[in-house]
Amino acid sequence: TITDNTFQGTGLGNVGINVTALGPSSYLIDNNVMQHNNPVAAMRFFLASNSATTISNNTIGGATAGNISNSISGGNANYGIQTTSATVNITNNLIRNIDGNGNGAVVTSGGILVSGSTGVNTIARNTIHSLRNTVTGGSAGAFYGLSINLPATANIVERNFIHSCSVNSTITAYQIWGISHASGT
């Protein structure tokens, strides 16, 4: 359980909260505030496929533009929440004011990225806004407000609010998506 923490200041490294687990576990990540830092991913979870994680009521990014900023350019990425190989319940999170310079041929910026799950997932009532990426050279990548790659189970993705996100790029093939749904139901 990781609850009621404030992560503030520069130099927090690449990830504010990072959880890696190989065996079955349950995690609760609730009511944390993360601002004024330089992460690649504010919250990142690499968990066994039989793990369950609840990520709720967190605030990533402060009230001003560029509150979380990654000035490293190149094939890096900036994510608010990233999960891999876990059943997730991601609700009522606020992800805002993240600036990046990623220019790789991948998803270089995103609010919430979920992949590798084997169970039933809920992603609901999250607000993602004012995420910006500036691309200078490099390859045509993508921005996804919400990127989901889920199993064919009874997943619920509802009432998420994604707005005011932007990419500044001269690469015409660069993509910007509110929700990218790669697989699942």
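Just above sits the structure.
Residues numbered from 1 in each chain as written. Predicted model: local features only at pLDDT ≥ 70, side-chain atom pairs only at ≥ 80, totals over all residues. Heavy atoms only, no water.

Our focus in this paragraph is the overall build of the chain. From N to C terminus, the chain includes zero helices and 20 strands. Here the chain holds 185 residues, and 46% of them are scored as buried. In the structure as shown, the chain presents an accessible area of about 7,700 Å², 50% of it carried by carbon and sulfur atoms. (Helix = DSSP H or I, 4+ residues; strand = E, 2+ residues; numbered from the N terminus. Buried < 20%, exposed > 50% of the residue type's maximum accessible area, 1.4 Å probe, protein only. Areas by Shrake-Rupley, 256 points an atom, 1.4 Å probe, with all protein chains shown as cover.)

Pairing is parallel in the open sheet, where six strands are placed in the order 1-4-7-11-14-17. Sheet topology places strand 1 (2-3) and strand 17 (156-158) at the edges, where each strand pairs with a single neighbour. As defined by bridge partners, strand 7 (residues 52-56) adjoins strand 11 (residues 87-91) across five bridges and the pair is classed as parallel. Its bridge partner being in strand 11, Thr53 is matched across the sheet by Val88. (Pairing = 2+ DSSP bridges.)

Attention shifts here to the packing of aromatic side chains. Throughout the structure, instances matching the rule amount to one aromatic pair. Ring geometry for Tyr144 against Trp177: centres 6.1 Å apart, planes inclined by 80 degrees, an arrangement best described as edge-to-face. Pair noted here: Tyr144 is in strand 16 (residues 142-149) and Trp177 is in strand 20 (residues 175-183), with a separation of 33 residues, a long-range link. In this structure Trp177 comes out as partly exposed when scored by relative accessible area, which is 40%. (Phe/Tyr/Trp six-rings, centres within 6.5 Å; stacked < 30°, edge-to-face > 60°.)

Further remarks concern unusual backbone geometry. The backbone phi angle of Arg125 is positive, close to 60 degrees, even though this residue is not glycine. By the element assignment, Arg125 lies in the loop between strand 14 (122-124) and strand 15 (127-134). By relative accessible area, Arg125 is classed as partly exposed at 34%. Phi angles above zero are rare outside glycine, and Ser164 is one such case at about 60 degrees. Within the secondary structure, Ser164 sits in the loop between strand 18 (161-163) and strand 19 (166-168).

One pass over the structure, following the stated rule, counts two salt bridges. The salt bridge partner of Asp99 is Arg132, with a shortest N-O separation of 2.8 Å. Note that Asp99 is positioned in strand 12 (residues 94-102) and Arg132 in strand 15, a separation of 33 residues in sequence. Residue Arg132 is classed as partly exposed on the basis of its relative accessible area of 23%. Arg159 is the salt-bridge partner of Glu158, the closest N and O atoms lying 3.4 Å from each other. According to the relative accessible area criterion, Glu158 is partly exposed, its value standing at 34%. (Salt bridge = Lys/Arg side-chain N within 4 Å of Asp/Glu carboxyl O.)

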